[in-house]
Amino acid sequence: MGERRPETPAEADGTAQLFVALGKMVKFLRERKGLTQKEFGELVGYGPDAVSSMERGVRTLRPEVLLKADELLDAGGLLKEVLPEVEEAMAKTRTRHPEWYRSYAGLEAEAVSVYDYSTMGVLGLLQTEDYARAVFTQRHPPLDEETIEKRVADRLSRQQLFEKWPPPECSFVLEQAVLERPIGGPAVQAGQLRRLLHIGRMRNIQLQVMPTGRAEHPCLDNSFTLLTPKGKEQVGYMESQGYPRLVTDREEVRILAARYGIIRAQALNPHESLDLIEKMLGER
C-alpha cells in the first residue's frame, strides 16, 4: 500500500544531484589538501558531522561555505563559479517537501520566532542525521530507501533556519520521555542528546524539559508548534497520524500561545534541563 501523501521533490530539475556532485568535489579537494573533516569544519564553522553530510549531498552546501572552501582548498575559483546555480537550487528547496507541508515549510523558513512543544519524538529541526534516518526507517507502512534518503535530506535542509542572521528567537520544550526513548539505539540516542546540548547552549535558543513526574499538566493532547514569519502574524501547526493542520485563526493561536506559556512555566528551566541531559549522558 502506498503513502497517502506522496512526495514530489525537485529531483527532476537536478537540485539534489547538484549538491551530491558539489559534495564529492569538496571531499576530493579537502583530501587533496590533507585536511580531516574535523579540521576543515573548524575552518568553515561546522562540526565534522555537518561536513560529512555536506560531502554526501545530504546537507546543502551554502554559498558562504563554498566561498571559504574555494580559498582554503585552493580550488582556483572552481567552487565560486557555481554560486549562481547553488543560490537558485536553494530557492527551490522548499519544493522538495510534500505538497501538504509546503505552506508551513515556507513560513518556517522565514520565521523570526519558533516555539515548539514535543511529546513523542525530537522535533525535526533538532534531529541529527542518524536520528532522522532511524525515524523514517521505522515508519509504517515502510518507505523505500530512496524516499528515506530524500526525507532525511529535506529534514536536515530545514535546519538552515539556525544559520540565518539575525537568528530567530527559539524556544523548545520536550517531554522527558522523548529524551529517554532510544530511537535508533543507544549510540543514536547519545548523539541526539549531545545535539540537544549544543542547541540548548545557543544564545538565541531556550531548551527546556518537562519532567515526567509533574502532577499537573496543561496539555495532554498533542505536540504543536507556534511560529511567527517575518512581517506576519503568529500561526500554529500540528499533526496527528500524518494529518497536518495549519492554525491561522487568531483566537485558536492565542489559546495555543497561552497554553505554551504554562508549559514553559511548569517545565525545568533551561539550566536545569541541560543539567538533566548531561546526567543522562553520564557527563555529570
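All of the points below concern the structure found in this document. What you see is a predicted model, and the numbers here were worked out from it, not measured in a lab.

Some words on the overall build of the chain
Secondary structure summary: the chain contains 12 helices and six strands in total. For the chain, contacts bridging at least 24 residues in sequence account for 73% of all contacts bridging at least 6. Per element, the accessible surface of the chain, about 14,400 Å² overall, is 53% carbon and sulfur.

Regarding the layout of surface pockets
Roughly 890 Å³ of internal volume is contained in the second largest pocket. Along its surface, the second largest pocket is lined by 25 residues, and Asp49, Ala50, Arg59, Arg195 and His198 are the ones closest to its centre. Elements with a minimum of two residues in the lining of the second largest pocket: α3 (48-55), α7 (129-137) and α10 (186-200). A per-class count over the lining of the second largest pocket returns eight nonpolar, nine polar and eight charged.

Quick word on the pairing of strand β4 (residues 224-229)
Most of β4 sits inside the fold, with six of its six residues counted as buried. Of the two faces of β4, the one holding Phe224, Leu226 and Thr228 and the one holding Thr225, Leu227 and Pro229 are both buried throughout. Direction of pairing for strand β1 (residues 111-118) relative to β4: antiparallel, over a ladder of six bridges. The residue bridging alanine 111 from the neighbouring strand is proline 229, located in β4. Hairpin geometry of β4 and strand β5 (residues 235-240) is characterised by an intervening segment of five residues between the two adjacent antiparallel strands and by a positive phi of about 75 degrees at glycine 231.

Here's the deal with unusual backbone geometry
The amide bond that connects histidine 140 to the next residue, proline 141, takes the cis arrangement and shows omega of 0 degrees. Relative to the assigned elements, proline 141 resides in the loop between α7 and α8 (145-158). A cis geometry characterises the amide bond from tryptophan 165 onward to proline 166, with omega recorded as 0 degrees. Within the secondary structure, proline 166 is located in the loop between α8 and β2 (169-175).

Some details on helix α11 (residues 250-266)
For an α-helix, 3.6 residues make a turn, and residues three or four places apart therefore share a direction. With 17 residues, α11 should cover 24 Å at 1.5 Å per step; its first-to-last C-alpha distance of 25 Å lies within 8% of that length. Burial in α11 covers these residues: Val253, Leu256, Tyr260 and Ile263. Along α11, the residues classed as buried sweep out an arc of 80 degrees about the axis, all on the same side. Those residues of α11 that are exposed and aimed more than 90 degrees away from the buried face are Arg250 and Ala265. Where α11 is buried, its residues touch β1, β2, β3 (205-210), β4, β5 and β6 (243-247). Put simply, aspartate 249 is the residue that caps the front of α11, since its side-chain oxygen is 3.1 Å from the backbone nitrogen of glutamate 251.

Quick word on the side chain of glutamine 159
Mapped onto the secondary structure, glutamine 159 falls in the loop between α8 and β2. Given a relative accessible area of 5%, glutamine 159 falls into the buried group. A polar atom in the side chain of glutamine 159 sits 2.7 Å from the backbone oxygen of glutamine 127. Residues contacting glutamine 159, with those up to four places away along its chain left out, are Gly124, Leu125, Leu126, Gln127 and Arg195.

Concerning the side chain of threonine 119
Structurally, the position occupied by threonine 119 is in the loop between β1 and α7. Its relative accessible area of 17% is what places threonine 119 among the buried residues. Separated by 2.9 Å, the side chains of threonine 119 and serine 223 make a polar contact. Setting aside residues no more than four positions away along its own chain, threonine 119 makes contact with Glu175, Val178, Arg181, Asn222 and Ser223.

Quick word on the packing of α7 against α8
At a minimum axis distance of 9 Å, the contact between α7 and α8 shows a crossing angle of 140 degrees. Classified by the interaxial angle, the pair formed by α7 and α8 is oblique. The two elements α7 and α8 cross, and the hand of that crossing is right-handed. Counting all contacts with α7, which are made through Glu129, Ala132, Arg133, Val135, Phe136 and Thr137, the residues of α8 involved are Ile148, Glu149, Arg151, Val152, Arg155 and Leu156. Split into classes, the residues belonging to the contact of α7 with α8 amount to six nonpolar, one polar and five charged.

Definitions and cut-offs
- Residues numbered from 1 in each chain as written.
- Predicted model: local features only at pLDDT ≥ 70, side-chain atom pairs only at ≥ 80, totals over all residues.
- Heavy atoms only, no water.
- Helix = DSSP H or I, 4+ residues; strand = E, 2+ residues; numbered from the N terminus.
- Contact = heavy atoms within 4.5 Å.
- Areas by Shrake-Rupley, 256 points an atom, 1.4 Å probe, with all protein chains shown as cover.
- 1 Å grid on protein atoms, 1.4 Å probe; cavity = no way out; pocket = protein on both sides within 12 Å on 5 of 7 lines; lining within 4 Å.
- Points joined across faces, edges and corners; volume = space filled by probe spheres on them.
- Nonpolar A, V, L, I, M, F, W, Y, C, P; charged D, E, K, R; others polar.
- Buried < 20%, exposed > 50% of the residue type's maximum accessible area, 1.4 Å probe, protein only.
- Pairing = 2+ DSSP bridges.
- Expected span 1.5 Å × (residues − 1).
- Arc of directions from axis to C-beta.
- Polar contact = N/O pair within 3.5 Å; in protein donor to acceptor, adjacent residues only side chain to side chain.
- Axes fitted to C-alpha atoms, helices over the stretch in contact; angles between N-to-C directions.
- Parallel < 35°, antiparallel > 145°, perpendicular 65-115°, else oblique.
- Left-handed = near helix turned anticlockwise from the far one by under 90°.

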